[in-house]
Amino acid sequence: MVEISINGKTVDAEPGRRLVEVIKEQGITITNLCYIDGLEPYAGCRTCIVDIEGGRPSSLQLSCTAQITEGQVVRTDTTEVKQARQSVMSVILANHPDRCLTCHRRVHCMPGDICLRDDVVTHRCLTCSKNYRCELQTSCENVDQGDFSEPWVGEKRSYYETPPPEPDRANPFLEFDPQMCIICARCVRACDELRHTGALSLAGKGHTTMIAFGAGGQIHESDCDFCGACIDVCPTATLMEKPNKWNGRADDWTSAVCNSCSVGCTITYGTSDQVGSENIPVIVRPERINPVSQDQICVRGRFGYDAIGPEDRLTTSLERQNDRLVPRSLFDATNLAVEQLRTVIDSHGAQTIGLLGSPLATTEEAMALSALADSIGTPNIDFSHGVIHRSVLSSLDQALGTNKLSADLTDIEKSARLVVIATDLEESHPGVSLRIKGAARKNQAKVVLISPRWSELDRFACSVLRCYPGTEANVADSLGKLETNPPLGISTEQWNAALTIVGSNEEFSDEITSVVFAPNAIDAEMASGLASAACNLAIGMVGNTTAEHLFYLPVDGNTHGVHDAGIFPKTDGKAFREIILGAISGSIKGLIIHDDNPILNSPDTDMIISALSNLESLVVIDSVKSTLSDYATVMLSEAAFYHRSGSITTADRRVLLHNSIDSGVEKEKSGIEIIKRIGAGLGFDFDRVFSYSALAEYPSEEALVQQQGRLRAIPDQAVFKAEVQEIDVPMRRVDDLAVFTSRSLYTSWDGASSASEEADKLDREGTAWVNPGDAQEAGVTQGVAVTLQNGSHSITMKIKLDDGVAAGTVYVPSYYRGGAIMSLFALEGLTGGLPSVKLVAADA
Amino acid sequence: MPLETESTLRIRSIIKDFKPNNGDLLAALYAVQHEMGYLSKEALAVIADQFKMFTAEVYGMASFYEEYRFDPPAKTTIRWCSGPACRTRNSAGIRDAILATLDLNETGEQTEDGQCSVVVGQCNGTCELAPMIWVEEHKTYELPVGKLTAAKSIKLARGLRSGSGIGEILNG
């Protein structure tokens, strides 16, 4: 640390740091329109000029390029500095509208007034969607720019003299309005250096330079994943969220967690007091609480709150009367549910009740649901993916002596060697995928990818082992054993590259090695085999410290949390599949489903549906009008996720607090209150608080509030056990085409669960990926509709020819049309995870 | 993943000898434009793939240079010399006459039927021909036509627009 002086105040700072960051940390206002904290300075905008004593050639220096040195004397407040900034700002403003600065009514316009453009002011100024939250506007005000009257009389400014370029509004997430652009290139650098996506560039030259996406086309034609990192850094209204673009000025912010995948990125919901947008988020920004996500989120985190329209939400509770659903108040509907459950318990016994929780719920809700099962006296409690999760945990237990891995996801970006086993991590767990890309680009990490399908990670990997779906475990195991001959279907060149990386333990002995696996959500046997294989592979590379280097990424958000909270079958209880079979055979008569949707999540749709229709009572607690509404006897309307509070346990068992955006209105509709009321209605004592802190190894509430993001529910003692397991997953191959599936990036759970029209907003994934060779054989061409036929089951959808899937395989996104693909999978039997389909051209 | 097609394979074969981090990008872009007539989005993606760059980076780089085209060229391109010698001999009037005849608003545009386009060219020193243009057909010929008058240029533009061969126009 060295001492420097800023505006006469002595400040301790680390030598070599960028001066502008230190000035900002001191709370001193400084304009800096192109600097992004943490990245190399770009020095394009020149607005961060300060006076550094003894600077050469002049004492006016850019604070973004200047580095901290001992005894620096810095002033940000001299007249000279201000004038220099004003002149720089006037150049920037020459090609940017300035009405927000110069309109003499800009602080007066209130609802009901007439604006000087003769428009009625409804609730805001109409000049610009970013009014009052624009960094350029604030910067101009900071240097007293625009403090003059009506400058447009006789003015000559290029902005008002040239026709505005065309905006791009073709996609549902991001609006690009280049007329507002000041070419600070922050978005270009954020996309490249923070996201490693590189979807943007500066195109053209001179005064016609513009931001361009991809090869100069529209945004959705480029590599853009709509994560919105460019929106966060854009100082003007050039790049904006399309939903709530004009009323996204938040009055209040609430810290929350995204539950869309198990990475658990922390976000903050912005809420507005404006009429019409009370009580819903109007904007989402990343929140730096979770050190894994830091300041980055993905398209689901940023736009998930807006994924479905109000018509697909379950805003009123419903009661089934014959084939109609009749609206009921939540109070009446809860009583009705209690009545139905009581009838089932009284006439058939408590053991005929089953409960399904969901990893999309908070840990507290899961604890309440588990307590409800205990009170009722039924051991039958699970969630759709429960058996997958438990089989992975038991594999980890066997190999490592614990399933609470101490591996920390913040290590991923520091790794020098990574093995990734997943179908498409970029789509299923974007937050981790981003850190892997970061390791590859910043740390030159060697990445080995084992995957049945092309993903964005391919280009960052040194070796891509494109395997037949379902054989990931076998491939990983062979790789761990350093077998010289590649498994069937894997290219020798790629295999040798992988062997070199996995086999050179000495070379990487001082560096971090990570093994990441994300099992599929269909077949428990494959998942447990994959977990064992990943353990074996990791043990071969890092020995008995495997638990610190192995990452298990469950599919859904709070999988760890709900499992810890007790959502698993108790002694002699029925697991998910047995509950379904029980419903068909009549040993399960009543089912309570909280937030889960087996129709979307579970294989064998026909069986699920016949089970659900066979129930005497199906009580569904959900915030969306999911496809379960066709079979439910009572639907209890729950508050949306952003209206609920609780905790979430992420993939690396980090405990995070999720807060409701509202303090009271929706509280009684929260899942936990509804479950408590059902419990109380059934005559049990539910007047108690459910808190994560009651769970083993979870932090106390005080500790978590103070150190949120850093506390994890893992054992205090490091575990050093590592036993190689025998992998007995058979190398399955099917006769026709093998169908495999996984989560898609752009489809939200809410949208898929309610089979909403809005679910595939971008429509980039509603296609089956078919290898061109297979398509030729079947006589179908790019873009046509085909029928995937598996015995009596079939689905019809458009195809996309793609070299990214191996010959003999077809990829279909699992959330396509409310989980339509699930009808091809079987809930039992060995080949449940790998249906064989014939490709038939559908008649037009 | 982009699908490998006949045209991507053709682009790959054009640029197969160029390497990343070797100062080859401009040459590769030139080679593809010379062969294909322009840089399609597909071509930019293939080049990016070979050079281990992002497509947007390649586009950003290529768009800096006037010579690279991102749309298919017209059948015949009129390259209008913007040099000072031509200017002193009323080349601006020649340009306006050609643009008006072809029903175009400014240089860089092409006629709706794709027959003709007008682009800005740079002086190559043959100022004895001022005011001059070059009439080009991609990979076929590049013909300087000099000592233009308004009448001559209108006749030429009309001929090209109706699809007559350049020889026919100049000799007829």
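If you're wondering where the values come from, they're calculated on a predicted model, not measured in any experiment.

Engineer: Which residues make up the packing of aromatic side chains, and what values go with them?
Structural biologist: Residues and elements named next belong to chain A. Going through the model one piece at a time under the given rule, you end up with 14 aromatic pairs over all chains. Their ring planes at 35 degrees and their centres at 5.1 Å tell us that Phe173 and Phe303 sit as a pair that is tilted. Of this pair, Phe173 sits in the loop between helix H5 (158–161) and strand S6 (174–176) while Phe303 sits in helix H8 (residues 299–303), and the two are 130 residues apart along the sequence. Judged by relative accessible area, which is 4%, Phe173 ranks as buried. Here Phe517 and Tyr552 contribute two aromatic rings whose centre-to-centre distance is 5.5 Å and whose plane-to-plane angle is 20 degrees, an arrangement assigned as stacked.

Engineer: Any chance you could break down the sheet that holds strand S4 (residues 141–145) of chain B for me, citing the residues and the numbers?
Structural biologist: All names here are of chain B. Ordered by their spatial adjacency, 4 strands build an open sheet running S2-S1-S3-S4, and the pairing between neighbours is mixed. The two strands at the open ends of the sheet, each matched to only one other strand, are strand S2 (116–121) and S4. Strand-to-strand twist across the sheet, computed as the mean angle between neighbouring axes with direction ignored, equals 25 degrees. Across 6 bridges, the pairing between strand S1 (residues 76–81) and S2 is parallel. Within the sheet, the bridge partner assigned to Ile78 lies in S2 and is Val118. Strands in contact with helix H6 (residues 91–102) are S1, S2 and strand S3 (133–137); relative to S1, the strand with the most contacts, it is inclined by about 155 degrees. Helix H7 (residues 150–161) contacts S1, S2, S3 and S4 of the sheet and is inclined by roughly 10 degrees relative to S3.

Engineer: Which residues make up a nonpolar patch on the surface, and what values do they have?
Structural biologist: Judged by side-chain polarity, Leu26, Phe64 and Tyr65 of chain B come together as a nonpolar surface patch covering roughly 250 Å² of accessible area. Looking at the element boundaries, Leu26 of chain B is found in helix H2 (residues 25–36).

Engineer: Describe the domain arrangement of chain A, naming the residues involved and giving the relevant values.
Structural biologist: Residue and element names in this part refer to chain A. The domain architecture assigned to chain A consists of domain 1 (2–155), domain 2 (174–241), domain 3 (252–306), domain 4 (326–385 + 560–698), domain 5 (392–555) and domain 6 (737–841). For domain 3 versus domain 6, the distance between C-alpha centres works out to 31 Å. Across the contact, 4 residues belong to domain 3 and 6 residues belong to domain 6. With both chains or domains summed, domain 3 and domain 6 bury close to 440 Å², and 46% of this area falls on carbon and sulfur atoms. Here domain 3 and domain 6 share 0 salt bridges between them. Taken together, the residues of the side of domain 3 that touches domain 6 sort by class into 1 nonpolar, 1 polar and 2 charged.

What counts, and where the lines are drawn
- Residues numbered from 1 in each chain as written.
- Chains lettered and ligands numbered in written order.
- Predicted model: local features only at pLDDT ≥ 70, side-chain atom pairs only at ≥ 80, totals over all residues.
- Heavy atoms only, no water.
- Phe/Tyr/Trp six-rings, centres within 6.5 Å; stacked < 30°, edge-to-face > 60°.
- Helix = DSSP H or I, 4+ residues; strand = E, 2+ residues; numbered from the N terminus.
- Buried < 20%, exposed > 50% of the residue type's maximum accessible area, 1.4 Å probe, protein only.
- Pairing = 2+ DSSP bridges.
- Axes fitted to C-alpha atoms, helices over the stretch in contact; angles between N-to-C directions.
- Contact = heavy atoms within 4.5 Å.
- Patch = residues over 30% accessible without salt bridge, like charges linked within 9 Å, V, L, I, M, F, W, Y side chains within 5 Å.
- Areas by Shrake-Rupley, 256 points an atom, 1.4 Å probe, with all protein chains shown as cover.
- Salt bridge = Lys/Arg side-chain N within 4 Å of Asp/Glu carboxyl O.
- Domains from an automatic or database assignment.
- Buried area = accessible area lost by both parts, 1.4 Å probe.
- Nonpolar A, V, L, I, M, F, W, Y, C, P; charged D, E, K, R; others polar.

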